[in-house]
Amino acid sequence: MKHIMQSQAMKKFIRNKRAMTGLAVVALLTLSVLLLPLVLDLDPYTTDREAGFNQPPSAAHIFGTDDVGRDLFARALYGGRTSLFVGITATIISVLIGIPLGLIAGYFRGIAESIIMRTADAFMSFPSMVLILVLVAVFGPSILTVTVVIGVLGWTSIAKLIYGNVLSIREREYIEAARAVGQRTGPILFSEVLPNAIPPVWANLSFRVAGAVLTESSLSFLGMGVQTPQASWGNIIFAAQNLLVLTARPWVWLPPGICIILVVIGFNFIGEGVRDALDPKTR
Amino acid sequence: MFKYVCKRLLYAIPVFLGITFAVYALINLAPGGPLAILASSGEMSLSDLEALKVSLGLDKPLIVRYFLWLGGLFQGDLGTSYRTSQEVGMMIAQRIRPSLLLTGTGILGAILIGIPLGILSAYKPNSAWDHLGSFVSFIGASFPSFFLSLLLIYALAVKLGAFPTSGMYASGGGESLGDLLHHLALPAFVCGIQPIGNYIKQTRSSVMEVLNEEYIKTARSKGLTNTVVVIKHAFRNALIPVVTTVSLSIPFLVGGAVVVEQIFAWPGIGSLMITSIQSRDYPVIMGVTMLICGVVLAANLVLDLIYAALDPRIQFR
């Protein structure tokens, strides 16, 4: 039964044109940033003295070079690696924190529920950008801190989703049956409650990756995220805070910006597709 | 009613103390405080540093300093900025008006356009209005605000010269209202585009849900016109989730426009936050955090009162 459900959901997902477009875009970008630097032997860190600084796009450097003569195409690809890494890793961190907390709050209720869910409310009502900035400033900006901070602060929405599901699942008969035959709490939680509480989180995961990519790029754009020489889409666009770069060299900041938008749209489409596929109300 | 407000206020106190203490502890335990920066410059002798430490109160234990800060707060004293030696309260007060103006205009515009557009989309699904609505929310959800700002500055301010690129007033000119609106247009647009998408989606889905209810059929069968049914019967009942969505953007009135303020050099709370973080100006960071925290808690209280007013089933307990 469960197997059929899953394959039906899968069929619905495959039939969804937007979701498949999103998947194609994300797959294409991921493969490009992973493979192209190896295939074309690109170097994002060294200055090309022959080409010079601030060059417009040419055959040798198809996105031009930056203010210290580094190849912007290579930087855009390496930046993509960074952005996708941060987005995906941060989401995994959020899941690892959010799922157990949501499970505990929903299953055990009582004091654990009030503390966890009130804390989640407090986190959610606070502008996350301000909190992230303070934390990044305290721990020093780097790929690691940005990833961990975005990941840790992202636990709330996942915990809330799990919590809501667990609240209704714990009252079901099969849980009562498991308790009646003397199954211990641990096994009930992991083999009965969790598998049934997780599906709605799948769609949220994809939205979270999109959100994390957006947050990382904003931080790096402000100079509070990934630091040069490491590349990230946001810190390449950082150069455009200078009005000269903004007006005279659009090839510096347009490509990474378009990449961010494509990745965000891609993950959002995938998320919508998963949500619709798992929703029994839609065909 | 009075008792309910008091209870909610009492409930807000531990949250306020918790958040402010967490931020206070965090920024004070961080390596590289203002003294470390001064010490590494090598311009001050050790005894001078000790004297400075005592005069800034940094020699006392963390918990004592937190309560001193809290005590100062109740006397309206938020301390002095390490960077500018101005009073923190003054510095923040100067920045509130520009910030409110910017995000307020953005969010108000989003409400005034987003909610009617959401109703129209729900009323006529798959119409031109519906497509416009989903297009706008699509842009809001997928364009990072800094990139949208850059595109607008590049296209409208630099190439067309239709808008100024940054600031609140033209330098040298008088501070006229027209000039202000001219500077406000682009950043306020960016501030509004993200919330407007949420408002459209939320209004559309909750109005659609209500339109399927039995009492809407009743209202229709009484012979009421469609407009009356949608506006008077459906919208009011669809309003609660919309109010929630709108209220979630209230905290951003104060601290949410960090990126936009930075790009457009708008002299608000967000850009103050960035400069303070960069220079590790703890009293200012604390002041801004306290302000945002207070606004969030107040907004939540007001929201609960609005719910109770909209939905008679909710009782003041």
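The written sequence of each chain sets the order in which its residues are numbered from 1. Throughout, the order in which chains and ligands are written sets their labels, letters from A for the former and numbers from 1 for the latter. Residues qualify for local features only when their pLDDT is at least 70, as the model is predicted, and side-chain atom pairs are given and counted only at 80 or more; totals for whole chains, interfaces and linings, by contrast, use all residues.

Colleague: I'd like a rundown of the overall build of chain B, residues and numbers included.
Modeller: Scanning chain B from N- to C-terminus turns up 14 helices and 0 strands. With the C-alpha coordinates of chain B rotated into their principal frame, the extents come out at 85 × 60 × 35 Å. Three classes are used. A residue is buried when 20 or more other C-beta atoms lie within 10 Å of its own, exposed when 12 or fewer do, and partly exposed in between, with C-beta atoms placed from the backbone. The burial tally for chain B puts 37% of its 317 residues in the buried class. Considering only contacts in chain B between residues 6 or more positions apart, those separated by 24 or more positions represent 70%. Secondary structure elements follow DSSP: runs of H or I of four or more residues count as helices, runs of E of two or more count as strands, with numbering from the N terminus. Contact between two residues is assigned whenever their backbone-derived C-beta positions fall within 7 Å.

Colleague: Tell me about the overall build of chain A, and name the residues and values.
Modeller: A count of helices and strands for chain A gives 13 helices and 0 strands. Counting helices and strands in the order they occur from the N terminus, chain A gives α-α-α-α-α-α-α-α-α-α-α-α-α. In terms of overall dimensions, chain A has a C-alpha envelope of 75 × 45 × 30 Å along the principal axes. When each of the 283 residues of chain A is scored for burial, the buried share is 46%. In chain A, the share of contacts with a sequence separation of at least 24, taken over all contacts with a separation of at least 6, comes to 69%.

Colleague: Break down the interface of chain A and chain B for me, with residues and values.
Modeller: Contacts between the two partners involve 28 residues from chain A and, on the opposite side, 31 residues from chain B. Taken together, the elements giving at least two residues each to the side of chain A that touches chain B come down to helix H4 (110-125), helix H5 (128-139), helix H10 (199-221), helix H12 (243-248) and helix H13 (250-278) of chain A. Counting residues per element, the side of chain A that touches chain B draws most heavily on H13(A), which supplies 8 residues. Along the lines of polarity and charge, the residues of the side of chain A that touches chain B split into 22 nonpolar, 6 polar and no charged. Amino acids are sorted into nonpolar (Ala, Val, Leu, Ile, Met, Phe, Trp, Tyr, Cys and Pro), charged (Asp, Glu, Lys and Arg) and polar (every other residue, Gly among them).

Colleague: Explain the packing of helix H5 (residues 88-123) of chain B against helix H10 (residues 226-248) of chain B to me, using residue names and the numbers behind them.
Modeller: Residue and element names in this part refer to chain B. Every angle, taken between N-to-C directions, lies between 0 and 180 degrees, and every axis is a line fitted to C-alpha atoms, over only the stretch in contact when it is a helix. Interaxial distance between H5 and H10 falls to 12 Å at its minimum, and their mutual angle equals 130°. By the criterion of interaxial angle, the relationship of H5 to H10 is oblique. At the point where H5 passes H10, the crossing takes the right-handed sense. Residues Ile 111, Ile 115, Ile 119 and Tyr 123 of H5 form the contact with H10, whose own contacting residues are Val 230, Phe 235, Val 242 and Val 246. The residue makeup of the contact of H5 with H10, split by class, is 8 nonpolar, no polar and no charged. Roughly parallel refers to an angle under 35 degrees, roughly antiparallel to one over 145, roughly perpendicular to one between 65 and 115, and oblique to any angle outside these ranges. Helix crossings are classified by the rotation of the near helix relative to the far one: an anticlockwise turn of less than a right angle makes the crossing left-handed, while a clockwise turn makes it right-handed.

Colleague: Describe the nonpolar core, naming the residues involved and giving the relevant values.
Modeller: All names here are of chain A. Counting 130 residues, the largest nonpolar core has Ile 132, Leu 133, Val 134, Val 136, Ile 236 and Ile 237 as its most contacted members. Those residues in contact with Val 136 that sit more than four places away from it in its chain are Pro 141, Thr 145, Val 146, Val 149, Leu 219 and Met 224. In this structure, Ile 116, Trp 155, Tyr 163 and Val 193 belong to the second largest nonpolar core, which totals 16 residues. Core membership is restricted to buried Ala, Val, Leu, Ile, Met, Phe, Trp, Tyr and Cys residues, and these are joined into a nonpolar core through C-beta atoms within 7 Å.

Colleague: Tell me about the environment of B:Leu101, and please be specific about residues and values.
Modeller: Tracing the chain through its elements places B:Leu101 in helix H5. Expressed as a C-alpha distance, the spacing of B:Leu101 and B:Ala299, which sit 198 residues apart in the sequence, is 18 Å.

Colleague: Requested: an account of unusual backbone geometry, with residues and values cited.
Modeller: In the segment running from A:Thr228 into A:Pro229, the intervening peptide bond is cis, with an omega of 10°. Within the secondary structure, A:Pro229 is located in the loop between H10 and helix H11 (233-237). Phi at A:Arg109 takes a positive value of approximately 50°, unusual for a residue other than glycine. Position of A:Arg109 relative to the elements: it lies in the loop between helix H3 (72-108) and H4. The phi dihedral of B:Ser85 is positive, around 60°, even though this residue is not glycine.

Colleague: So what about helix H6 (residues 128-142) of chain B? Which residues, and what values?
Modeller: Residues separated by three or four positions in an α-helix point in the same direction, a consequence of the helix having 3.6 residues per turn. Here H6(B) contains 15 residues, and its C-alpha end-to-end distance of 21 Å stays within 8% of the 21 Å for a straight helix at 1.5 Å per residue. Of the surrounding secondary structure, the elements contacted by the buried residues of H6(B) are H13 of chain A together with H5 and helix H8 (177-211) of chain B. By definition here, a helix of n residues has an expected span of 1.5 Å times n minus one.

Colleague: Quick one: what's the story with the packing of helix H13 (residues 269-278) of chain B against helix H14 (residues 282-310) of chain B, residue by residue and with numbers?
Modeller: Residue and element names in this part refer to chain B. Axis separation between H13 and H14 bottoms out at 9 Å; the angle between their running directions is 145°. For the pair H13 and H14, the sense of crossing is left-handed. Between H13 and H14, the contacting residues are Ile 269, Leu 272, Met 273, Ser 276 and Ile 277 on the first element and Val 284, Ile 285 and Val 288 on the second. Taken together, the residues of the contact of H13 with H14 break down into 7 nonpolar, 1 polar and no charged.

Colleague: Can you lay out helix H4 (residues 62-74) of chain B for me, pointing to particular residues and giving the numbers?
Modeller: If you check H4(B), its first and last C-alpha atoms are 19 Å apart, about what 13 residues at 1.5 Å a residue would give, namely 18 Å. Phi turns positive one or two residues past the end of H4(B), at B:Gly76, with a value near 75°.

Colleague: Explain the environment of A:Glu272 residue by residue, including any values.
Modeller: Residue and element names in this part refer to chain A. Of note, Glu 272 is situated in helix H13. With 17 C-beta atoms counted inside 10 Å, the residue Glu 272 sits in the partly exposed group. A sequence separation of 208 residues divides Glu 272 from Gly 64, and the C-alpha atoms of the two residues are 36 Å apart. Setting aside anything within four residues of it in sequence, one finds Glu 272 in contact with Arg 18 and Ala 19.

Colleague: Please provide a residue-by-residue account of the environment of B:Phe21, values included.
Modeller: Residues and elements named next belong to chain B. Tracing the backbone shows Phe 21 in helix H1 (residues 2-29). With 16 C-beta atoms counted inside 10 Å, the residue Phe 21 sits in the partly exposed group. Considering only alpha carbons, one finds Phe 21 and Pro 241, 220 residues apart in sequence, at a separation of 32 Å.

Read these as layout, nothing more, since geometry by itself doesn't imply function.
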